[in-house]
Amino acid sequence: MYIVMVSSECAPVAKVGGLGDVVFGLCRELEVRGNSVEIILPKYDCLRYDQIFGLQITHKDLWVPWYNQSIHCTVYFGFVHGRKCFFIEPHSDHNFFHRRMFYGQGDDDQRFAFFSRAALEFMLKSNKHPDIIHCHDWQTGLVPVMLYEIYKHLGMTHPRVCYTLHNLQHQGVTGEHILRATGLNRHSYFFHQDRLQDNFNHAAINQMKAGIVYSNFVTTVSPRYAWEIMHSGQNYGLGHTLHVHRNKVGGILNGVDYEVWNPEIDRHIPSQYSADKLDGKFANKKALRDRFWLRDAFKPIVTYIGRLDHQKGVPLITHAIHYCIQHGCQFVLLGTSPDGRIANHFWGLKRQYNDNPDCHLELSFNEELSHLIYAGSDMILVPSLFEPCGLTQMIGLKYGAVPIVRATGGLADTVFDANHAPKPYHERNGYVFNDFNAAGIESALQRAIGMWYSYPNHFSELMVNGMRYDYSWKNPGQDYMNVYDLICEK
Ligand code: ADP
């Protein structure tokens with residue numbers, strides 16, 4: 001099969017969170033299965049250019065319609081750790097992708113609507129006829145709309161579209177100018193409840209809704225999240241749309257790329273190890289302490305790695321830092337926040353614990369460092385308010401960092417409580433709590449810390465159980481192939 005991914009992220013060159021990891025890992029798995037896979041990305045100025053090999057111009061003059069004119073683009077090709085990637089660079093005063101950041105700009109709606117149009121124009125002009133176009137999140141939600149409303153009539157009759165929802169919180173709700181910009185000119189046709197009109201703000205269009213309505217199949221990133229967005233209130237207003245299209249919606253648990261995230265072969269950590277040979281784990285714990293000037297003491301290291309966002313449970317992360325320090329643990333955090341107030345809050349905490357030999361808060365984005373933290377930690381915390389899938393707990397499991405998570409979304413699908421899970425002990429792998437409050441998280445932390453100190457053998461067993469879980473792309477890869485087969489047959 002010939003598959004083209006259109007995405008705003010791909011690890012490690014353009015990674016903000018899990019979307020980047022998923023696009024890279026899924027593409028590798030699809031290639032291993034014999035498919036031909038290409039990825040189309042914006043050519044951001046902040047790409048990790050050191051991770052792109054053989055970058056060269058492949059299409060010098062691509063003219064992309066935009067309002068009543070066209071914007072001149074150059075398309076580059078390069079390999080990202082073996083994956084074939086095309087990067088689209090527009091040349092205009094808008095400087096859409098020269099912002100030194102991936103998201104968070106006032107005109108994000110235009111930047112990614114333009115990218116979606118440019119990706120289709122590129123496929124048309126370079127005569128690409130993929131069997132599947134796979135789009136992700138609101139940023140590429142207009143791709144299936146433009147494919148079926150514009151590009152089909154220009155000869156792109158072949159592709160089917162799979163659309164993956166990674167997070168319903170961000171939907172790309174915007175004004176009708178986007179219709180004019182992208183050439184979707186029939187205002188009254190598109191401004192309709194059954195098409196692009198936002199379900200609440202009737203004067204706005206919703207790009208994620210557009211993707212759901214127009215694609216041939218919609219996946220989300222865990223079975224539990226699929227259930228939550230269909231049957232609970234956690235759909236940020238898209239419940240009705242998902243219900244209408246329920247026959248083409250399904251949940252496929254994300255995988256983890258074990259070529260990248262695997263302590264047996266990880267080149268970013270000083271000491272490799274596995275479930276059968278755990279010595280290296282302790283050497284990494286020591287290396288983590290050395291790196292952050294933490295004292296060498298008989299204490300577990302609890303960590304948090306991730307975006308510092310409302311979704312991730314800022315009050316609970318904060319509470320956990322204080323609780324862990326007071327209850328015989330060391331705490332390491334790696335995270336950033338584009339939200340000034342949240343960032344200030346963590347800078348305040350960092351100052352508070354500056355001289356504490358049991359705590360380090362690293363407020364930056366650092367992919368290489370994250371490997372050492374996974375490898376050096378005893379427990380990893382994911383206390384999210386909601387979590388579509390979550391990769392940190394799955395990566396943590398592979399590295400023998402016992403996850404402490406809230407029972408929501410993909411966290412509930414992947415972590416099974418040491419004391420309460422309805423599974424035999426060898427299938428339990430972490431600690432789970434329900435209530436989004438201090439008492440909730442304490443109930444899990446207390447049990448985890450108690451187990452580490454009082455029953456170290458049981459704790460090690462739990463850790464090894466987690467390391468033996470298979471959350472690779474093998475199963476999800478097959479699930480996506482089944483979806484592609486299904487929509488190609490129709
Ligand atoms: P989300 O997609 O909501 O951000 P996920 O758990 O699905 O959360 O994926 C997070 C990914 O981003 C993981 O690979 C994690 O290691 C990585 N990550 C998050 N924050 C940072 C950071 N500050 N530095 C390095 N890696 C990070």
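First things first, this report covers the structure right here in the doc.

What counts and what doesn't
- One numbering rule holds for all chains: residues counted from 1, following each sequence as written.
- pLDDT decides what is reported in this predicted model: residues at 70 or higher carry local features, side-chain atom pairs at 80 or more are listed and counted, and totals for whole chains, interfaces and linings draw on all residues regardless.
- With hydrogens and water stripped out, all remaining heavy atoms of the structure feed into the side-chain values.
- The helix count covers DSSP runs of H or I at least four residues long, the strand count covers runs of E at least two residues long, and both are numbered beginning at the N terminus.
- Only C-alpha atoms enter the radius of gyration, while the globule expectation follows 2.2 Å times N to the 0.38, with N the number of residues.
- Burial status follows relative accessibility: with a 1.4 Å probe on protein chains alone, a residue under 20% of its type maximum counts as buried, one over 50% as exposed, and anything between as partly exposed.
- The contact criterion used is simple: two residues touch if any of their non-hydrogen atoms lie within 4.5 Å.
- Counted charges follow a simple rule, with Lys and Arg positive, Asp and Glu negative, and His plus the chain ends left uncounted.
- For this purpose, a charge sits on NZ of Lys, CZ of Arg, CG of Asp or CD of Glu.
- Salt bridge criterion: a side-chain nitrogen from Lys or Arg within 4 Å of a carboxyl oxygen from Asp or Glu.
- Counting of polar contacts relies on pairs of N or O atoms within 3.5 Å, with two restrictions inside protein: one atom must be capable of donating a hydrogen and the other of accepting it, and residues adjacent in sequence are counted only when both atoms are side-chain atoms.
- Any two strands between which DSSP finds at least two bridges are classified as paired.
- Geometry is summarised by axes, namely lines fitted to C-alpha atoms with helices restricted to the contacting stretch, and by angles between N-to-C directions that run from 0 to 180 degrees.

Moving on: the overall build of the protein. A tally of regular secondary structure across the protein gives 17 helices and 17 strands. Against the compact-globule benchmark of 23 Å for 490 residues, the protein has a radius of gyration of 23 Å, which places it among compact chains. Burial analysis of the protein (490 residues in total) assigns 62% to the buried set. Considering only residue pairs separated by 6 or more positions, the protein has 72% of its internal contacts joining residues 24 or more positions apart. Taking the average place of the 45 positive charges on the side chains of the protein and the average place of its 48 negative ones, the gap between the two points comes to 1 Å.

Bringing the environment of valine 145 into the picture now. Position of valine 145 among the secondary structure elements: in helix H3 (residues 142–149). Classification of valine 145 by relative accessible area gives buried; the value is 0%. Separated by 67 residues in the primary sequence, valine 145 and isoleucine 212 have C-alpha atoms spaced 9.7 Å apart. Filtering out sequence-adjacent residues up to four positions away, valine 145 remains in contact with Ile150, Leu184, Phe190, Leu196, Ala210 and Tyr214.

Note that side chains of opposite charge can pair when their charged atoms are close. Applying the stated criterion to the full structure yields 25 salt bridges. With its nearest N and O atoms 2.8 Å apart, the salt bridge here joins glutamate 29 to arginine 33. For glutamate 31, the salt bridge identified is with arginine 83, shortest N-O distance 3.4 Å. Taken together, the positions of glutamate 31 in helix H1 (residues 18–32) and arginine 83 in strand E5 (residues 83–91) put the pair 52 residues apart, joining distant regions of the chain. Shared partners join several salt bridges into a network, and the residues in it are Lys15, Asp21 and Glu367.

Relative to the elements of secondary structure, lysine 15 occurs in the loop between strand E1 (2–6) and H1. Looking at lysine 15, its side chain comes within polar contact range of the side chain of aspartate 21, at 3.0 Å. Within polar-contact distance, the side chain of lysine 15 engages the side chain of glutamate 367 at 3.1 Å. Those residues in contact with lysine 15 that sit more than four places away from it in its chain are Glu9, Cys10, Asp21, Phe102, Trp261, Phe365 and Glu367.

As a further point, take the sheet that holds E5. A sheet is described by the order of its strands in space; here nine strands give the open sequence E3-E4-E5-E2-E1-E6-E7-E10-E11, paired in mixed fashion. Edge positions in the open sheet fall to strand E3 (53–66) and strand E11 (249–251), since each of these has one partner strand only. The average undirected angle you get between the axes of adjacent strands in this sheet is 25 degrees. Sheet topology places E1 next to strand E2 (residues 36–42); five bridges connect them, and they run parallel. The residue of E2 that forms the bridge with valine 4 is glutamate 38. Where helix H2 (residues 108–125) meets the sheet, it contacts E1, E2, E3, strand E4 (69–80), E5 and strand E6 (132–136), and its direction lies at approximately 105 degrees from that of E3. In this fold helix H17 (residues 474–489) packs onto E1, E6, strand E7 (160–165) and strand E10 (217–220), with an angle of close to 140 degrees to the strand it touches most, E7.

This paragraph deals with helix H6 (residues 207–214). Burial runs high along H6: eight of the eight residues are buried. All of the buried residues in H6 are Gln207, Met208, Lys209, Ala210, Gly211, Ile212, Val213 and Tyr214. Its side-chain oxygen at 3.0 Å from the backbone nitrogen of methionine 208, asparagine 206 defines the N-terminal cap of H6.

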